[in-house]
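An overview of the molecular structure
Spelled out, the chains give:
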Amino acid sequence: MTRDDVLRLLWENGDGYVSGAELARRLGISRTAVWKAVDRLRQDGWQVESGTNRGYRLLSGGDDLTEAGVRRYLRREGLELRVFPEIGSTNTALKELASRGAPEGLVLLAERQTEGRGRLGRSFFSPPGSGLYLSLLLRPNAPASAVTGLTAAAAVAVAETLEELGARDASIKWVNDVYVNGRKVCGILNEAALDLESGTLSYVVVGIGVNVRAPEGDFPPELQGIAGAAFGTESVPELHCRLAAGILDRLLDFYGKLTEKPFYESYVNRSLVLGQPLNILAPGRDPVPCTGMAIQPDFALLVRLEDGSLRRLDSGEVSVRVRSAPEPETGAVDTAGRA
Ligand code: BTN
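Anyway, here's the lowdown on the structure attached to this text. (Residues numbered from 1 in each chain as written. Predicted model: local features only at pLDDT ≥ 70, side-chain atom pairs only at ≥ 80, totals over all residues. Heavy atoms only, no water.)

1. Topic: the overall build of the chain
To keep it simple, the criterion reads: Numbering of helices and strands runs from the N terminus, with a helix taken as a DSSP run of H or I at least four residues long and a strand as a DSSP run of E at least two residues long. Here's how the labels work: a residue is buried when its accessible area is under 20% of the maximum for its type, exposed when over 50%, partly exposed in between, all with a 1.4 Å probe on protein chains only. Note on definitions: a residue-residue contact is assigned when non-hydrogen atoms from the two residues lie within 4.5 Å. Here the open area of atoms and residues is found with the Shrake-Rupley method and a 1.4 Å probe, where only the protein chains shown may cover a residue. In this tally, Asp and Glu contribute negative charge and Lys and Arg positive charge; neither His nor the terminal groups of the chain are included. To locate a charge, the coordinates of NZ of Lys, CZ of Arg, CG of Asp or CD of Glu are taken.
Helix and strand content of the chain: eight helices and 14 strands. Seen along its three principal axes, the alpha-carbon backbone of the chain occupies a region of about 75 × 70 × 35 Å. When burial is assessed residue by residue, the chain has 45% of its 339 residues classed as buried. Relative to all contacts within the chain whose residues are 6 or more apart in sequence, the contacts with residues 24 or more apart total 62%. Approximately 17300 Å² of the chain is accessible, and the part contributed by carbon and sulfur atoms is 48%. The averaged location of the 44 negative side-chain charges in the chain is 3 Å from the averaged location of its 39 positive side-chain charges.

Here's what the structure looks like:
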């Protein structure tokens, strides 16, 4: 698409100008077509400076989350996207809409949440300008057992999209926290309502929060060393829109194949817990030390307790225990704590 080709060339050119003639030559199009593409970019929120005899250069823009921007990268049709600069919680708002009959495929996306919610009743830090917060409404019309794996599917969808856009080695800590560079960059909260008469799910809301860039003023003290950003300062045009589109496309592909689970291998290969010393965490209980042994076909985690017995975890939370470093020999260089 000409608009995207012009954007790519302007982007690659950084702060400098590129002449309309040069853009036209490199893309094999007319100067009028270049001018039209620049006009489209401006309509999409990009600031493109034009100087007589100098050509064009990008000033800013494009990191905004807009419906048109997400649609530009979305393969799938038929989703209803509603984008908010600010919202309490995309999950809370979508659950409300779901209970009033909203259809499958409604997606709420926000650039900031004032009451972002996490698992186990925690809050989810959702500051402006650095993250992507989205919730997708599904109506599986099936018992809860039919959507086993949806949580894992969401984590793989996020991890694969992050890598496609340039993040390095996105891993998954059971059940569905996505990590980059040893820091949690994405949390996922799935919420469902059950129709007690039929025993089927009325709806499922898949809520995904990604720390795309480091927030202004950094993460709050309680998240220091735990939360991180998926991307540094590298520039990726329209990153938030591409991320949203990539995550939705993948997740919906996986959702259509929940029985085959084509994401199982990717999930296992990205696992941060297999072979690792772990603690099983439960509110109000002492951590239970164990070792991560296997991810079952239904994404339950099999762990070995210290008495040698195996335990299957269907849900809950584990933390990875930091192995105590061996005593350094005299004269040896202590590299503990360095990558
Ligand atoms: C967790 O790590 O505890 C899960 C965090 C889930 C956060 C997302 S952001 C979009 C959606 N709206 C919410 O209020 N929560 C989820």
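From this point, the narrative continues.
2. Some points on the environment of Leu301
Mapping Leu301 onto the fold places it in strand β12 (residues 301–305). Separated by 79 residues in the primary sequence, Leu301 and Glu222 place their C-alpha atoms 28 Å from one another. Apart from residues lying up to four places away in sequence, Leu301 is in contact with Trp174, Val273, Leu274, Leu278, Ala294, Ile295, Arg311, Arg312, Leu313 and Val318.

3. A few points about the sheet that holds strand β14 (residues 317–320)
How we decide: At least two bridges found by DSSP between two strands is the condition for calling them paired. Note on definitions: angles span 0 to 180 degrees between N-to-C directions of axes, and those axes are lines fitted to C-alpha atoms, for helices only across the stretch in contact.
If you walk across this open sheet you meet the five strands as β13-β12-β11-β10-β14, and the pairing is antiparallel. The outermost strands of the open sheet, each flanked by one partner alone, are β13 (310–313) and β14. Between one strand axis and the next, the sheet turns by 45° as a mean value, whatever way the strands run. Here four bridges tie strand β10 (residues 277–281) to β14, and the two strands are oriented antiparallel to one another. By the bridge assignment, Ile280 is partnered in β14 with Val318.

4. What to know about the site of the ligand
Rules: We call a residue near a given molecule or strand whenever any one of its heavy atoms falls within 4 Å of it. As used in this structure description, the phrase polar contact means that two N or O atoms lie within 3.5 Å; if the pair is within protein, one of them must be able to donate a hydrogen and the other to accept it, and residues adjacent in sequence are counted only when both atoms belong to side chains. Gly is placed with the polar residues, together with every amino acid not listed as nonpolar (Ala, Val, Leu, Ile, Met, Phe, Trp, Tyr, Cys and Pro) or charged (Asp, Glu, Lys and Arg).
Taken together, 20 residues lie around the ligand, and Ser89, Gln113, Arg117, Arg119 and Lys184 are the ones closest in. Residue Arg117 places a main-chain N or O atom 2.7 Å away from a nitrogen atom belonging to the ligand. Within the complex, 98% of the 420 Å² of free accessible area of the ligand lies under protein. For the shell around the ligand, the elements supplying multiple residues, two or more each, are α5 (90–99), β5 (131–138), β8 (183–195) and β9 (200–211). Examining the composition of the shell around the ligand, we find that four residues originate from one element, β8, more than from any other. Among the residues making up the shell around the ligand, the classes are represented as six nonpolar, 10 polar and four charged.

5. Concerning the environment of Gly78
Inspection of the secondary structure puts Gly78 in the loop between α4 (67–73) and β3 (80–84). With 30 residues separating them along the chain, Gly78 and Val48 place their C-alpha atoms 32 Å apart.

6. Looking at the packing of helix α6 (residues 150–164) against helix α7 (residues 239–255)
Test applied: Should an angle fall under 35 degrees it is taken as roughly parallel, and over 145 as roughly antiparallel, whereas 65 to 115 is taken as roughly perpendicular and any remaining angle as oblique. The sense of a crossing depends on the near helix, which, turned anticlockwise from the far helix by less than a right angle, makes the crossing left-handed and, turned clockwise, makes it right-handed.
Contact geometry of α6 with α7 gives a least axis separation of 8 Å together with a crossing angle of 140°. The orientation of α6 with respect to α7, classified from their angle, is oblique. As for the relative orientation of α6 and α7, their crossing is right-handed in sense. In contact with Leu150, Ala153, Ala154, Val156, Ala157, Val158, Glu160, Thr161, Leu162 and Glu164 of α6, α7 contributes Arg242, Leu243, Gly246, Ile247, Arg250, Leu251, Phe254 and Tyr255. Looking at the contact of α6 with α7 residue by residue, the class counts come to 12 nonpolar, two polar and four charged.

7. Things to note about unusual backbone geometry
Here the residue pair Trp174 and Val175 is connected by a cis peptide bond, since its omega of 5° sits within 30 degrees of zero. Here Val175 shows up in the loop between β6 (171–173) and β7 (177–180). Notably, Asp169 is not glycine yet its phi reads approximately 45°, a positive angle. One can find Asp169 in the loop between α6 and β6. Using a relative accessible area of 57% as the deciding quantity, one classes Asp169 as exposed.

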